Amino acid sequence: MLELRKEIFADERDDNLSEIGQPTQRQDMLGHVTGTSAFYDDHRFAGLLHLKVLRSPHAHARIRSIDDSAAARAPGVKRIIRAVDVPVNLNTLLSLIQFGKDDEPSLASDVVRYKGEPVLGMVATSERAALEALRLVRVAYDPLPAVFDVEEAIKPGAPSVNATYAKNTFEYYGKYDHQNLRFGDVEAGFAQADVVLEDRYQMSPIEHAPTETNGSIAVPDTNGRFIVHTSTQALFFSLDTAAKINAIPSNQLHFIGGTVGGGFGGKVDTMTEPLAVLAARLTGAPVRYRLSRHEEMQFGSPRGGERIYIKDGVMRDGRIVARHVRCYFDSGAYTRLSSYAAVKCAAHIPGPYTIPNVGAEVYCVFTNRTPATAMRGFGVTALDFALECQMDKLAHAIGMDPVEFRILNAYRDGDMKAHRREAKNCALVECAQVAAEKANWPIRDEFRRMSSRSGGGAARTGGADRTRAPAPQAAPAPAAQPQRVTYERPAAPQPASAPAPTPPPRSTQPAPPPPRPSAPATTPGSSHGARRFSSVFGTRRR
Amino acid sequence: MAKHRGRGVATINYPIGMNLGGDPSQALVHSNPTGKFSVALSSIDLGQGMKSVTRQIAAETLGVPVEDVYVDTADSDTGPHCMGSFASRGTHRVGNAVMAAAREARGVMMEAAAEELEVDPGDLETDGRGSIHVKGAPHRSIAVRDVAIAAQFKQGRTISGRGIFLVPLSDVDPETGEMSPATCYAHACLIAEVEVDDETGDVAVLKMTSAYEIGRALNPKLVEQQLVGGAWMGMSHALYETPEPYYPDTRDGPRDFNEYLMPGPGDLCPHDIAVLERPAPDGPFGGKGPGEMCANPVLPAVANAIFAAVGVRINDLPITPEKVLRAIKARGATAAGR
């Protein structure tokens, strides 16, 4: 169910349009629903060869020797690709936009830094022949100590993961091991706060789980060019990266993408194209390199696990006066795109709220796991989880309705954000009002009347210099001793309809919030409760 | 043993386009000799509807029916550079590039039409149905098809246009983090209702209610598809999936969809959505982009709803039945969080 609330912000729009705003059926609908849209792997070529890679069984090890003599004689094998065959065997994707240093080989030559890292490529007449030949390759490894936890990895004496960043942190601006954010005076804010609340959040790694795994087919074309059919999300990132690693001019490559079987960020990395092109160059034949489902799940880049610490200071009247965030991005063994996400994360702090004192340090940390990469909401999803759980706890700690608490602190037009740009075109207040109304979540009239278009900027700061951190709206006397809240409350049996705890009265606070609505009654006789047995066909019935 | 219900809320915003900018996209638009338009892009349609949204933008800007526009994507020989389909940048960045290219092509089309009608181009308007006429005098009109034929075979004009959109790259102050991360932001509030089984720790999401502000819903059906699909992903992130179930320990990672848990059709719930439109000053027709943000509010809303239902806070994702059960046991009892 989707309804358009045209009456809100109507005065800012010209709705006199013909095609825009229409629910026009998609141009490619017929092809999709009849199964005739062509994906990269729908292209057929005579004499197609198949590339599979040998993957490291160790999270961290030195390669002592590789013996591929038996594999070279195996049936169907056309070519073995070794690290020395890769023309430029060190790259980082964002080198194309001059961000970060080359730190990742296409094929590991001396050290493997995560379980599953490619060591050697096998080109054969079938995927099966390639896989069987790979089993004949003998690699002697000397295991090295590995580190998997972001906070362990940045301790002195931790095993060094990535030779380019020996201290296990990405280097920002040639001088910091993290991205900074400084706005106002966070310590003064905490000192002033009635309640200070601190907690730790852990995002889990996530697999993009596209229906179509990463893959590409490189086909020798006339005149020394190569056509590459690919599932990429970023055609020219992939083309330019493949050209760089192969040390060939970019106009020798003709990339064709198009219909993609799900991306979600997992097809930005240029995972298969450089080696597919290299294999086609070395064999003169079309070569397909596609990840199996197991490879996609464990060795394709996941969304990284981010660890986030948040410390907030809040007044009993609901105003957040200070927020400090410390965040660790688990980049895995190589940078890929995590360094970029850390800056995006810093820009997103403190969330869509106006807080006068904000500080943050965001780290991009290397560990001995599969390199992480972009995924939907990159740099933001985990932070939003942490921030919004924290917002709920803050509202609860001061006895305020969680929707009203968010509306009170929501950023509005004219407010100064922590990254020192003025907020404009805001709409958080209105979203909260509409969602509450639709869900029959009661909020008081004064909160229902608030607007993103008024009450921000000078109105909030009382005309103070807005190039600096705004002063709080009111200046209540600081609590003699800020209250520390530990999060889990002791178990106390209470009826579901118990009113919210009433905060101690203060002259500066609004009227106490109304009792929370009681939870809706459970439908008796609900059939819910069947255990799921499959991720594809959930068995839950309701 | 009992089942407990609770509701949780989250409010979020989301930056549109690559952080700090510096991520251009280009578009080429041209007419064939009979007045049908092609838009050439190297951008990728991931299934989100890039082709459809840019097609509508081109049609609206050109002033022709959407059926007269075809979008060709993802060919590096024919499509000009685009940074890629990520960072919620398709509608905003590519849309603006297409709009610029279509505006240039429209300019040539109107000049060609003016020459045929022997009027000033400024006196002409499109009717959006395939004709161009003199403002206030609809009988003095010419079909776009005839304009294209005249331009190609008589006037020697190309009805075509080039477009690029670039938000200039922002510096970052290393000490303070001062920067210009994005030019516009989309917004959302989502309320989730859950039911928690205190015997099994199982969490069922019963209902989601949300309000999304996305600048302008250029195609409401595509918006709905994004918001519904994104909410599924958010629910999956919150309660089910991870390739490293014992993170940071890497053991026992799933290898396929039998081992990688995600919600199935039976786990879905009704999702009641409102869309608000506060146009972005620099968006195509005000559009921002709903692509990435729609998973984000679901994670905390579900976590907060679990607290409301049984009084436990789970700070580590995913919130598996095991974690819920252990938290309830550690507390010694369940109690509604609020």
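Criteria and cut-off values
Throughout, a residue's number is its position along its own chain's written sequence, starting from 1. As a convention, the first chain written is A and the first ligand written is 1, with the rest following in written order. At least 70 in pLDDT is required for a residue's local features to be given in this predicted model, at least 80 for side-chain atom pairs to be given and counted, and no such filter applies to totals for whole chains, interfaces and linings, which use all residues. For helices the rule is a DSSP run of H or I covering at least 4 residues; for strands it is a run of E covering at least 2, with both sets numbered from the N terminus onward. C-alpha atoms define the radius of gyration, and 2.2 Å times the number of residues to the power 0.38 defines the globule rule. Burial is judged by counting the other C-beta atoms within 10 Å of a residue's own C-beta: 20 or more makes it buried, 12 or fewer makes it exposed, and any count in between marks it as partly exposed, with every C-beta position built from the backbone. With C-beta atoms placed from the backbone, a contact is any residue pair whose C-beta atoms sit within 7 Å. Predictor confidence is given residue by residue as pLDDT, running from a minimum of 0 to a maximum of 100. Should DSSP find at least two bridges between two strands, the strands are taken to pair. Here the axes come from fitting lines to C-alpha atoms, over the contacting stretch only for helices, and the angles between their N-to-C directions go from 0 to 180 degrees. Here the expected length of a helix is defined as 1.5 Å per residue gap, with one fewer gap than residues. Each angle receives one of four descriptions, namely roughly parallel if under 35 degrees, roughly antiparallel if over 145, roughly perpendicular if within 65 to 115, and oblique otherwise. Following the grouping adopted for this structure description, the nonpolar residues are Ala, Val, Leu, Ile, Met, Phe, Trp, Tyr, Cys and Pro, the charged ones are Asp, Glu, Lys and Arg, and the polar ones are all others, Gly among them. A set of buried Ala, Val, Leu, Ile, Met, Phe, Trp, Tyr and Cys residues, joined through C-beta atoms within 7 Å, is what we mean by a nonpolar core. By convention a crossover is right-handed if, when the strands point away from the viewer, the path from the first strand over the helix to the second runs clockwise.

1. Some words on the overall build of chain B
A count of helices and strands for chain B gives 6 helices and 11 strands. Here the C-alpha atoms of chain B give a radius of gyration of 26 Å, more than 25% beyond the 20 Å that 2.2 N^0.38 yields for 338 residues. On the principal axes, the C-alpha backbone points of chain B span a range of 85 × 45 × 40 Å. Taken over 338 residues, chain B has a buried fraction of 64%. Put simply, of all contacts in chain B between residues at least 6 apart along the chain, 76% involve residues at least 24 apart.

2. A look at helix α9 (residues 338-348) of chain A
With 11 of 11 residues buried, α9 of chain A is to be regarded as a mostly interior element. Listed in full, the buried residues belonging to α9 of chain A are S338, S339, Y340, A341, A342, V343, K344, C345, A346, A347 and H348 of chain A. Against the buried residues of α9 of chain A lie β8 (179-183), β15 (320-332), β16 (358-366) and α10 (381-397) of chain A together with β1 (3-15) of chain B.

3. Focus: the environment of P23 of chain A
Along the chain, P23 of chain A falls in the loop between β1 (2-4) and α1 (29-33). Classification of P23 of chain A as exposed rests on a count of 12 C-beta atoms within 10 Å.

4. A few points about the confidence of the model for chain A
Residues and elements named next belong to chain A. With 85% of its residues at a pLDDT of 70 or more, chain A shows a mean pLDDT of 89. Within the model, pLDDT remains below 50 along residues 465-480, and this stretch shows 27 contacts once partners closer than five positions in the same chain are excluded. Within the model, the stretch residues 486-542 combines pLDDT values under 50 with 91 contacts to residues more than four positions away or in other chains.

5. Digging into the sheet that holds strand β6 (residues 118-124) of chain A
Residue and element names in this part refer to chain A. One open sheet accounts for 7 strands, arranged β4-β6-β2-β13-β10-β11-β12; its pairing is mixed. Pairing within the sheet leaves two strands with one partner each, and these edge strands are β4 (77-81) and β12 (253-256). Shown here is a sheet whose adjacent strand axes are inclined to one another by a mean of 25°, direction ignored. Relative to strand β11 (residues 226-230), strand β10 (residues 215-220) runs antiparallel, the two sharing 5 bridges. Paired with A218 across the strands is V228, a residue of β11. Lying over the sheet, helix α6 (residues 235-246) contacts β11 and β12, oriented at roughly 150° with respect to β12.

6. A few points about the environment of V84 of chain A
Checked against the element boundaries, V84 of chain A lands in the loop between β4 and β5 (111-112). For V84 of chain A, a count of 9 C-beta atoms within 10 Å corresponds to the exposed category.

7. Concerning α6 of chain A
Residue and element names in this part refer to chain A. Spanning 12 residues, α6 covers 16 Å between terminal C-alpha atoms, matching the ideal 16 Å at 1.5 Å per step. Of all 12 residues in α6, 11 are buried, a share of seventy percent or more. Of the positions making up α6, those classed as buried are L235, F236, F237, S238, L239, D240, T241, A242, A243, I245 and N246. At the exit of α6 stands A247, carrying a positive phi of roughly 55°.

8. Examining the interface of chain A and chain B
Much of the literature gives interface size as the accessible area that the parts lose upon coming together. Opposite the 123 residues of chain A that make contact, chain B presents 125 residues. As paired elements, β1 of chain A and strand β11 (residues 271-276) of chain B share 3 bridges and run parallel to each other. The residue of β11 of chain B that forms the bridge with E3 of chain A is A274 of chain B.

9. Quick word on the sheet that holds strand β6 (residues 131-134) of chain B
Backbone hydrogen bonds hold the strands of a sheet together, and the pairing may be parallel or antiparallel. Residue and element names in this part refer to chain B. Taken in spatial order, the 3 strands line up as β5-β6-β7 in an open sheet, and their pairing is antiparallel. Looking at the sheet topology across the chains shown, the edges are occupied by β5 (124-126) and β7 (137-143). Ignoring which end each strand starts from, the neighbouring axes of this sheet average 35° apart. Strand direction decides the pairing type here: β5 and β6, joined by 3 bridges, are antiparallel.

10. Let's talk about the packing of α10 of chain A against helix α11 (residues 402-409) of chain A
Residues and elements named next belong to chain A. Packing of α10 against α11 brings their axes to within 9 Å, and their N-to-C directions diverge by 105°. As judged from the angle between their axes, α10 and α11 are roughly perpendicular. On α11, the residues that touch M391, D392, L394 and A395 of α10 are P402, F405 and R406. Broken down by class, the residue content of the contact of α10 with α11 amounts to 5 nonpolar, no polar and 2 charged.

11. So, the nonpolar core
Counting residues in hydrophobic clusters, the biggest one holds 259 residues, and the most contacted among them are M122, A276, A279 and C431 of chain A together with V302 and I306 of chain B. If you tally residues by element for this core, the top one is helix α2 (residues 90-117) of chain B, at 13 residues. Residues within four places of A279 of chain A in sequence aside, it is in contact with L49, L51, R79, I81, G121, V123, A218 and V287 of chain A.

12. A short note on the pairing of β11 of chain B
One face of the sheet, then the other: side chains in a regular strand alternate in exactly this way. Residues and elements named next belong to chain B. When you tally the buried positions in β11, you get 5 out of 6 residues, the bulk of the element. Pairing of strand β10 (residues 203-213) with β11, which is carried by 6 bridges, proceeds in the parallel orientation. Among the inter-strand pairings, S210 is bridged to a residue of β11, identified as I273. Running through helix α4 (residues 220-239), the crossover from β10 to the neighbouring parallel element β11 is right-handed.

13. Regarding the packing of α2 of chain B against helix α3 (residues 144-155) of chain B
When two helices pack together, their arrangement is given by the angle between their axes and by how far apart the axes lie. All names here are of chain B. It is the contact of α2 with α3, at a shortest axis distance of 9 Å, that shows an interaxial angle of 85°. Considered as vectors, α2 and α3 are oriented roughly perpendicular to each other. Contacts between α2 and α3 involve M109, A112, A113, E115 and E116 on the former and, on the latter, V144, V147, A150, A151 and Q155. Looking at the contact of α2 with α3, its residues break down into 7 nonpolar, 1 polar and 2 charged.

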